[in-house]
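Architecture at a glance
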Amino acid sequence: MDRLALLLRLRPLSAGLRLLNKVPRQTSAIRAFKAWIRNVIPFCRGRRPISCVAIAVAVVFAPLSVHAGSWGDPAKTLRVAMEVDVTGFDPAATQDAYSYVIEGRIFDALYVWDYLARPYRLVPSVAAAMPEISADGRTWTIRLKPGIYFAADPAFAGKKRELTAHDFVYSWKRVVDPRLHSPNVDLLEGKLVGLDGAIAKARASGRFDYSAEIEGLKAVDRYTLQLTLIEADYTFLPYVVFPPLRAVAREVIEKYGDASGRAMDHPVGTGPYRIKEWRHGQKVVLEANLDYREEFFPDAPSNADAATKALATAMKGKRLPQIGTIDIAIIEESNPRLLAFDRGELDLLDVRYDLALKVVDEAGRLRPNYASRGVQLGRATELSLSYSYFNMEDPVFGGYSSDKIALRRAICTAYNTDEEIRIIRQGQGMLATQPIPPDVVGHVPGLKPQTPYDPALARALLDRFGYKDRNGDGYRELPDGRPLVLRIASEPDQTSRMFDELWQRSMQTVGIKVEFLKQKWPDLFKAAHAGKLQFWELGLAGGIADYYMQQFYGPSAGAANLARFRNSDFDTLFRQSRHVADPEERTNVYAKMTEIIAAYNPWCPKAFRITNTVIAPWVSGYKKNVYYFIHPWHYLDIDLAQQKARK
């Protein structure tokens, strides 16, 4: 090590980097050295030799502290699994939860949900404080923390690249750039003064003018972002947590973007991790971002329970992230995922509901064979629901006439949701009564199910509106005599087959023929956005009442609103809800919107889900957080000695 330090003192840093590249055994320590040298070289240009010597010394000793376990320790690897591969890593171009999970660790948000606080609350992340909002609710001033840097990348030509307010302006403009075809346009369209005009010009000219100033989206100075809303919107703040509204660097997009302006496989952010490897359909590997700002495990809130306070005390003073590598395996089936955890090949696992009772008993307690090994359990009711939607533009099941509404209602009423929760979900759920889940502000307590299970009622509805078996084959036809076939989109895995069988049995009891379109999830997701699916089941999470209701908002058709439901009364109430400051009054508006959804039946609400996470005994820092894409990897630590001993 002394010889290496001497070489760094006697030669230019670039020569030192070339020497390191020639070292035969590229250990984690050597890789850390090289990363630090790349960051230091820009600062040495034009400096006196003695200054570069001091910097070189820092280069030598700083990685030593990293390797010794202070933070981002390359010896520590957290092994986890997801059931579906990501669609890409461009926040503006993706909308699936699996991509969000990864993007949430690479890209920083202005605000995030407090990791330890319950009830949940938003706190500044790269913002220096909560937004300053004018008395009329329309002008928001957000100040950024200085000294936050993007991960080193060739796009920056060897220079350190600081995050600024201009990056957020550029990133938000990308979301609405027509060339990008972002599925997240509805997060911003119709909200910021002047933005819709810029979109219209881009559509007419074929090019979005990124240099043109937009009144409602400005960088006042290097660290100040100013938003001017068309109307006051008291539901907007939680949306800035979503990955599409996190910051990317223009240089990265221009270097790695494709013809549509998407940079799907080369993400560069300011977050705690960066992409090391992506093998499509197999794995994603993240490594600690050595340019990540100085951040420590958070303190417990004053009102925290004893367990949370003990956790904060145990983790106090630990710089984030502690773990150097996150190895994410793509394992589609539930059984292999749980077996991998049981064999010690995974350190943390969200247990799919179909295997929940192998891990917990009927009361939700960890089973003895896990508890005796020191396995930890995280369990909570998710801020999410599962549902199946109809394509309202489909010629058979779409439309707003009484016969179409009756057909959709009969299908939902014939489906045995009770059996789904009891058998397939193994009790890990509650009957969904509305779009907004419990514990989300806006949930209306006491509502009855919109379509309670009643096959006799379903048959009566179908008979009344002319859906009858005219040829005696056991299946009903349309009123005009054409075949009636429900085509359900479904994935090719074992759990999906269980749902398929339940749908088949449920529809058989009322005489409706079913066919299944079997494709992998990313392909179905693309088809859903293109309006090519007739009927599909999804899970929806977000923790924001406005987000759940946006699934039925007309202008969001084809984006958040996959059902393509359109109703002017609903749309008026949706816009009105955003102007209501009082949460209780806003909940009353949501109740009226829920009545409209129930009247037209564009979906079959199914279950509010309960989730279980098992955590290996050598993992510390974990606290269950039900916000869907907040997987708390960068808050965790690993006891290497205990991990090796258990192996």
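All of the points below concern the structure found in this document.

Rules used throughout
- Every chain is numbered independently, its residues counted from 1 as its sequence is written.
- Only residues with pLDDT of at least 70 are given local features in this predicted model, and only at 80 or more are side-chain atom pairs given and counted; all residues enter the totals for whole chains, interfaces and linings.
- Hydrogen atoms and water are omitted, and side-chain values are computed over all heavy atoms in the structure.
- For every residue, the accessible area (1.4 Å probe, protein chains only) is compared with the maximum for its type, and the residue is labelled buried under 20%, exposed over 50%, or partly exposed between those bounds.
- For helices the rule is a DSSP run of H or I covering at least 4 residues; for strands it is a run of E covering at least 2, with both sets numbered from the N terminus onward.
- Only when DSSP finds a minimum of two bridges between them are two strands counted as paired.
- We call two residues contacting when some pair of their heavy atoms lies within 4.5 Å.
- Classification of ring pairs uses Phe, Tyr and Trp, with its six-membered ring standing for Trp, and accepts pairs whose centres are within 6.5 Å; under 30 degrees between planes counts as stacked, over 60 as edge-to-face, and the remaining range as tilted.
- Whether a charge sits over a ring depends on NZ of Lys or CZ of Arg being within 6 Å of the ring centre and within 35 degrees of the ring normal.
- Axis definition: a line fitted to C-alpha atoms, over the contacting stretch in the case of helices. Angles run 0 to 180 degrees between N-to-C directions.
- When describing relative orientation, an angle under 35 degrees is termed roughly parallel and one over 145 degrees roughly antiparallel, while 65 to 115 degrees is termed roughly perpendicular and anything else oblique.
- The crossing is said to be left-handed when, going from far helix to near helix, the turn is anticlockwise and less than a right angle, and right-handed when the turn is clockwise.
- As a working rule, the residues Ala, Val, Leu, Ile, Met, Phe, Trp, Tyr, Cys and Pro are called nonpolar, Asp, Glu, Lys and Arg charged, and the rest polar, with Gly in that last group.
- A 3.5 Å cut-off defines polar contacts: any pair of N or O atoms within that distance qualifies, except that in protein one atom must be a possible hydrogen donor and the other a possible acceptor, and neighbouring residues in sequence count only when both atoms are side-chain atoms.
- What is meant by a nonpolar core is a set of buried Ala, Val, Leu, Ile, Met, Phe, Trp, Tyr and Cys residues, joined one to another through side-chain atoms within 4.5 Å.
- Throughout, disulfides are identified as pairs of cysteine sulfur atoms within 2.5 Å of each other.
- Regarding the arc, it is the one traced by the directions from the helix axis to the C-beta atoms.

**What to know about the pairing of strand 17 (residues 603-615)**
Strand 17 sits mainly inside the fold: 13 of its 13 residues count as buried. Where strand 11 (residues 348-351) meets strand 17, four bridges bridge the pair, whose relative direction is antiparallel. Among the inter-strand pairings, Leu349 is bridged to a residue of strand 17, identified as Val614. Judged from the three bridges that link them, strand 13 (residues 429-431) and strand 17 form a sheet pairing that is antiparallel. Each residue of the ladder has a partner; that of Leu431, found in strand 17, is Ala607.

**Some points on the environment of Arg497**
Topologically, Arg497 is positioned in helix 16 (residues 494-508). For the pair formed by Arg497 and Lys518, sequence separation is 21 residues and the distance between their alpha carbons is 9.9 Å. If sequence neighbours within four positions are ignored, Arg497 has contacts with Glu333, Pro492 and Lys518.

**Structural notes on unusual backbone geometry**
Note that the residue after Arg118, namely Pro119, is joined by a cis bond; omega there is 0 degrees. Cis geometry is adopted by the peptide bond preceding Pro321, which originates at Leu320 and carries an omega value of -10 degrees. Tracing the backbone through its elements, the reader meets Pro321 in the loop between helix 9 (306-315) and strand 10 (323-330). A positive phi angle is found at His181, which is not glycine, with a value near 55 degrees. Here His181 shows up in the loop between helix 6 (165-176) and helix 7 (195-205). Given the relative accessible area of 63%, His181 is considered exposed. A positive phi angle, close to 50 degrees, is found at Gln426, a residue other than glycine. Position of Gln426 among the secondary structure elements: in the loop between helix 14 (417-424) and strand 13. Under the relative-accessibility criterion, Gln426 is labelled buried at 18%.

**Some remarks on the packing of aromatic side chains**
Counted by the stated rule, this structure contains 31 aromatic pairs. Aromatic side chains Tyr400 and Tyr600 sit 5.9 Å apart centroid to centroid with 70 degrees between the ring planes, which places their arrangement in the edge-to-face category. Here Tyr400 is found in the loop between strand 12 (376-390) and helix 13 (402-414), whereas its partner Tyr600 is found in helix 20 (residues 583-600), with 200 residues between them in sequence. For Tyr600, a relative accessible area of 25% translates into the label partly exposed. Members of the aromatic cluster, each reached through a chain of ring pairs, are Tyr387, Tyr400, Phe552, Phe565, Phe570, Tyr600 and Trp603. Seen from the ring of Tyr149, Lys160 lies directly overhead, with NZ or CZ sitting 4.4 Å from the centre. Looking at Arg425, its charged tip hangs above the ring of Tyr353, at a distance of 4.3 Å from the centre.

**Brief notes about the packing of helix 13 against helix 15 (residues 455-464)**
Packing of helix 13 against helix 15 leaves a shortest axis separation of 8 Å and a crossing angle of 160 degrees. It follows from the interaxial angle that helix 13 and helix 15 lie roughly antiparallel. The crossing of helix 13 and helix 15 is left-handed. Packed against helix 13, whose contacting residues are Ala406, Leu407, Arg409, Ala410, Thr413 and Ala414, the element helix 15 presents Pro455, Leu457, Ala458, Leu461 and Leu462 at the interface. Its residues assigned to classes, the contact of helix 13 with helix 15 comprises nine nonpolar, one polar and one charged.

**Looking at the side chain of Lys283**
Along the chain, Lys283 turns up in strand 9 (residues 283-288). Within the structure, Lys283 has its side chain in polar contact with the side chain of Asp327 (distance 3.4 Å). Discounting residues that sit within four places of it in the chain, Lys283 has contacts with Glu277, Trp278, Asp327, Ile328, Ala329 and Ile330.

**Side note on the nonpolar core**
By size, the foremost hydrophobic cluster in this structure holds 132 residues, and its most contacted members are Ile102, Trp172, Leu188, Leu227, Leu286, Trp536 and Phe570. At seven residues, the largest contribution of residues to this core is made by helix 6. Beyond its immediate stretch of four places on either side in the chain, Ile102 contacts Met82, Val86, Phe89, Ile275, Val284, Leu286, Ile328 and Trp633. If you look at the next biggest cluster of nonpolar residues, it comprises 29 residues, including Phe390, Leu484, Phe499 and Met507.

**Describing the state of the cysteines**
In the structure shown here, the tally under the stated rule is one disulfide. For Cys412, the disulfide goes to Cys604, at an S-S distance of 1.9 Å. Given an S-S torsion of about -80 degrees, the disulfide between Cys412 and Cys604 has left-handed geometry. Taken together, the residues span a long stretch of sequence, with Cys412 in helix 13 and Cys604 in strand 17 at a distance of 192 residues.

**Comments concerning the packing of helix 13 against helix 20**
Running from N to C, helix 13 and helix 20 cross one another at 95 degrees; their axes reach a closest spacing of 8 Å. When the axes of helix 13 and helix 20 are compared, the pair comes out roughly perpendicular. Facing helix 13, whose interface residues are Ile405, Arg408 and Arg409, helix 20 presents Ala598, Ala599 and Tyr600. Looking at the contact of helix 13 with helix 20 residue by residue, the classes come out as four nonpolar, no polar and two charged.

**Observations regarding helix 15**
For helix 15, the complete set of buried residues consists of Pro455, Ala458, Leu461 and Leu462. Angularly, the buried residues of helix 15 cover 120 degrees about the axis, an arc narrow enough to put them on a single face.

**A closer look at the sheet that holds strand 1 (residues 73-82)**
If you walk across this open sheet you meet the four strands as 1-10-9-8, and the pairing is mixed. Of all the strands in the sheet, just strand 1 and strand 8 (273-279) have a single pairing partner and so form its edges. Each neighbouring strand pair of the sheet contributes to a mean axis angle of 20 degrees, computed without reference to strand direction. Note: strand 1 against strand 10, seven bridges, orientation parallel. Looking at strand 10, one finds that Ala81 is bridged to Ala329.

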